[in-house]
Amino acid sequence: AQTVTQSQPEMSVQEAETVTLSCTYDTSESNYYLFWYKQPPSRQMILVIRQEAYKQQNATENRFSVNFQKAAKSFSLKISDSQLGDTAMYFCAFMKGYGGSQGNLIFGKGTKLSVKP
Amino acid sequence: DVKVTQSSRYLVKRTGEKVFLECVQDMDHENMFWYRQDPGLGLRLIYFSYDVKMKEKGDIPEGYSVSREKKERFSLILESASTNQTSMYLCASSLNTGELFFGEGSRLTVL
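Residues numbered from 1 in each chain as written. Chains lettered and ligands numbered in written order. Predicted model: local features only at pLDDT ≥ 70, side-chain atom pairs only at ≥ 80, totals over all residues. Heavy atoms only, no water.

**Notes on the side chain of Asp38 of chain B**
All names here are of chain B. Mapped onto the fold, Asp38 is located in strand β4 (residues 31–38). The exposure class of Asp38 is buried, given its relative accessible area of 12%. Filtering out sequence-adjacent residues up to four positions away, Asp38 remains in contact with Arg44, Thr86 and Ser87. (Helix = DSSP H or I, 4+ residues; strand = E, 2+ residues; numbered from the N terminus. Buried < 20%, exposed > 50% of the residue type's maximum accessible area, 1.4 Å probe, protein only. Contact = heavy atoms within 4.5 Å.)

**Examining the pairing of strand β10 (residues 88–96) of chain A**
Residue and element names in this part refer to chain A. Among the 9 residues that make up β10, 7 are buried, leaving the element largely enclosed by the rest of the structure. Pairing of strand β5 (residues 32–39) with β10 involves 8 bridges; the strand directions are antiparallel. Bridged to Gln39 within β10 is Met89. Pairing of β10 with strand β12 (residues 111–116), which is carried by 3 bridges, proceeds in the antiparallel orientation. Across the sheet, Tyr90 pairs through a bridge with Thr111, a residue of β12. By the bridge criterion, 2 bridges tie β10 to strand β11 (residues 106–107) in an arrangement that is antiparallel. Within the sheet, the bridge partner assigned to Phe94 lies in β11 and is Ile106. (Pairing = 2+ DSSP bridges.)

Interpretation in functional terms is not warranted from these geometric data alone.
If you want it as structure tokens, here you go:
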């Protein structure tokens, strides 16, 4: 069975600084996908970034980037130039490769990030 | 703009009551999900459906059932609510890409 572990329940960062959220996972699958989701206070959860395991290049979306270390089964999220609107719960998630998964994700327990002015 | 709508943002029910939580999506997605979110436990999958009238148990299906009579609608049913079902319930839909589109959540309190 796959597991996803986020070891930092809470973190804080000053506005404009950089912060890295950690995520490790365990799987025997060779084909899979990893995700970071963001849940702002009292708002809907949204996808931040996605990484395909077969791609060596780390995914980037504007100020958000990942450090994907496949051998170490590590998938950290880096937020550059933090903004107050980045304050949220962040969830790391795993999905097996296409073919029977029906988009079923396994989530970590989340990291609560506070961006301070 | 894509949208997943959950019928109730806040509900208060009594132990033993039957509770319906409804979810509607307007994106023609095949897959729909019900998660439960509790502090320190993250999101746990209750049930999911990959087609009309199809359903699959997730990690914590006990005490819950679901109904999917139409592609756009996925209902979660608590046959006899208990206090340990007090939680935030999140509905989501997706294609098979892993990008889930979530509703705003339904916070249920069972007294």
